[in-house]
Amino acid sequence: MLQGMRVGVTGATGFLGTHIARELLDRGADVVGIVRSLERGAELEARGVTLRRADLMDPEALVAAAEGLDALVSNASPAVGGSDGDPQALISADRRATQNVVSASLAAGVPRFVHISSVAVYRMRLPWRSVREDHPRRTAAGRRWPRRWLDLGALVTRPGYADSKAVSEEIVWAATAQGLRPTVLRPGPVYGSRDTKLLGRYLAAMEQRIRVVPGIGLPHVHAGDVAAAVVGALVNEQSIGRAYNVTDAPRSLLSVARTVRAIRGHGPVLIGIPLPLWIAWDNSAAQRDLGVRYRSLDDGMREALAP
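Since the structure is predicted, the reported quantities are computational estimates derived from the model, not experimental observations.

**Student:** Explanation requested: the pattern of salt bridges in the structure shown.
**Tutor:** Any two side chains of opposite charge can pair, on the condition that their charged atoms come close. The final tally for this structure, using the stated rule, is 14 salt bridges. Measuring nitrogen to oxygen at the nearest pair gives 3.9 Å for the salt bridge that ties Arg194 to Glu43. Of this pair, Arg194 sits in the loop between β8 (190-191) and α6 (198-205) while Glu43 sits in helix α2 (residues 42-47), and the two are 151 residues apart along the sequence. Glu237 is the partner of Arg181 in a salt bridge, and the nearest nitrogen-oxygen pair spans 3.9 Å. Residue Arg181 is found in the loop between α5 (159-174) and β7 (182-187), and its partner Glu237 is found in the loop between α7 (223-235) and β12 (243-246); the two are separated by 56 residues along the sequence.

Quick look at the structure:
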């Protein structure tokens, strides 16, 4: 499907980046992992990934790493303490890193650009409705009190992370005036093998003897399905200039906990609290244009929890 296409992936040794690199390899692409540490990429290199060292904060190294690519997947985020760190430091680092990657892609003349964003970029203040790609995104004004406390996005991720993703998207869209040809993917929340964040929180909660679980419904998406969306974007030029929600239908946290407990064969007594609240993103465009088909929660969790 991608035979002969040389695709670069920033952050290829990370959680989602590894899934993307593997999927691209399976679809016939010549994959170039753009990474900070060549040593961490030994497993991918053994599979056939070419590694190029470049830090997101090093513009010259990024330009060199992007040379000769047919497409670049902007997946990595700068290492500044993650979403739990100082929000302003995270936003500033993401702004600089995204600008560097975008500029490197333009300087190297890379024809295609896929940017991994997040569903966290939306301003979400009303439950019980599916959010489409044209829904208003977070802005500088929306980051100030009193609007922040109304933002239901906090149920999915931390505001600092959401703001940094919104800023990164603004840079990507602005660069279309300079010739960038992006497809933006908005996944989340993402789980799968190598995940230490979302899955780690679930597993920590499952170590209790009794666990009270609210019935709130949240969507999940397996990292492999996000990787499949990257492939779908690259093979469909109609996706250029568009954004896509890449996440499955909402599932109650109680059903997620029961699935994890059943797969592991042990876990706490689960007490569900009915809560008629759910958050969802309209994923029909990704299914139509990118061919995304979401695996079942059971299948996804079995892959994520496999030894």
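**Student:** Where do I start with helix α3 (residues 59-66) in this structure?
**Tutor:** Every α-helix carries 3.6 residues per turn, so stepping three or four residues along brings you back to the same face. Restricting attention to buried positions, one finds in α3 the residues Ala61, Leu62, Ala65 and Ala66. With its buried residues spanning 130° around the axis, α3 presents them on a single face. The secondary structure elements touched by the buried residues of α3 are β2 (30-35), β3 (50-53) and α4 (87-108). With its phi angle positive at about 80°, Gly68 sits one or two positions after the end of α3.

**Student:** Can you walk me through the pairing of β7 in this structure?
**Tutor:** It is a general feature of regular strands that their side chains alternate between the two faces of the sheet. Burial analysis of β7 places six of its six residues in the buried class, the great majority of the element. Of the two faces of β7, both are covered, the one formed by Pro182, Val184 and Arg186 as well as the one formed by Thr183, Leu185 and Pro187. Note that strand β5 (residues 112-116) and β7 share four bridges and pair parallel. Opposite His115, over in β7, you have Val184 as the bridge partner. When β7 meets β12, the two strands line up parallel, connected through four bridges. Each residue of the ladder has a partner; that of Arg186, found in β12, is Asn245.

**Student:** Please explain the side chain of Glu23 as it appears in this structure.
**Tutor:** With respect to the element layout, Glu23 can be found in helix α1 (residues 15-26). Classification of Glu23 as buried rests on a relative accessible area of 16%. Among all residues touching Glu23, those that are not within four sequence positions of it are Ala227, Ala228 and Val231.

**Student:** When you look at the confidence of the model for the protein chain in this model, what are you seeing that I'm missing?
**Tutor:** For residues with low pLDDT, the predicted coordinates do not support detailed interpretation. The predicted model of the protein chain has a mean per-residue pLDDT of 90, with 90% of residues at 70 or higher. Here residues 141-154 scores under 50 on pLDDT; set against residues more than four positions off or in separate chains, the count is 25 contacts.

**Student:** Is there a simple way to think about a nonpolar patch on the surface in this case?
**Tutor:** A cluster of nonpolar side chains, namely Ile210, Val212, Val269, Ile271 and Ile273, defines an oily patch on the protein surface of about 430 Å² accessible area. When residues of the nonpolar patch are traced back to their parent elements, those giving at least two are β9 (210-214) and β14 (269-273). Ranked by the residues each element gives to the nonpolar patch, the list is headed by β14, at three residues. Take Val269: it is sitting in strand β14.

**Student:** It is not clear to me how the packing of helix α8 (residues 253-264) against helix α10 (residues 297-305) should be interpreted in this structure. Could you clarify?
**Tutor:** The axes of two packed helices give the description: the angle between them and the distance between them. Axis separation between α8 and α10 bottoms out at 10 Å; the angle between their running directions is 50°. In terms of their interaxial angle, α8 and α10 are classed as oblique. The handedness of the crossing between α8 and α10 comes out as right-handed. Here Ser255, Val256, Thr259, Val260, Ile263 and Arg264 of α8 lie close against α10, whose contacting residues are Leu297, Asp298, Met301, Arg302 and Leu305. Of the residues assigned to the contact of α8 with α10, the class counts are six nonpolar, two polar and three charged.

**Student:** What is the right way to look at the sheet that holds β3 in this model?
**Tutor:** Strands belonging to one sheet form pairs held by backbone hydrogen bonds; the direction of such a pair is parallel or antiparallel. Read across the open sheet, the seven strands follow the order β3-β2-β1-β4-β5-β7-β12; overall the sheet is parallel. Two strands lie at the open edges of the sheet, namely β3 and β12, each paired on one side alone. The sheet shows a mean angle of 20° between the axes of neighbouring strands, direction not considered. The sheet contact formed by strand β1 (residues 6-10) and β2 spans five bridges and is parallel.

Rules used in this analysis
Residues numbered from 1 in each chain as written. Predicted model: local features only at pLDDT ≥ 70, side-chain atom pairs only at ≥ 80, totals over all residues. Heavy atoms only, no water. Salt bridge = Lys/Arg side-chain N within 4 Å of Asp/Glu carboxyl O. Helix = DSSP H or I, 4+ residues; strand = E, 2+ residues; numbered from the N terminus. Buried < 20%, exposed > 50% of the residue type's maximum accessible area, 1.4 Å probe, protein only. Arc of directions from axis to C-beta. Contact = heavy atoms within 4.5 Å. Pairing = 2+ DSSP bridges. pLDDT = per-residue confidence, 0-100. Patch = residues over 30% accessible without salt bridge, like charges linked within 9 Å, V, L, I, M, F, W, Y side chains within 5 Å. Areas by Shrake-Rupley, 256 points an atom, 1.4 Å probe, with all protein chains shown as cover. Axes fitted to C-alpha atoms, helices over the stretch in contact; angles between N-to-C directions. Parallel < 35°, antiparallel > 145°, perpendicular 65-115°, else oblique. Left-handed = near helix turned anticlockwise from the far one by under 90°. Nonpolar A, V, L, I, M, F, W, Y, C, P; charged D, E, K, R; others polar.

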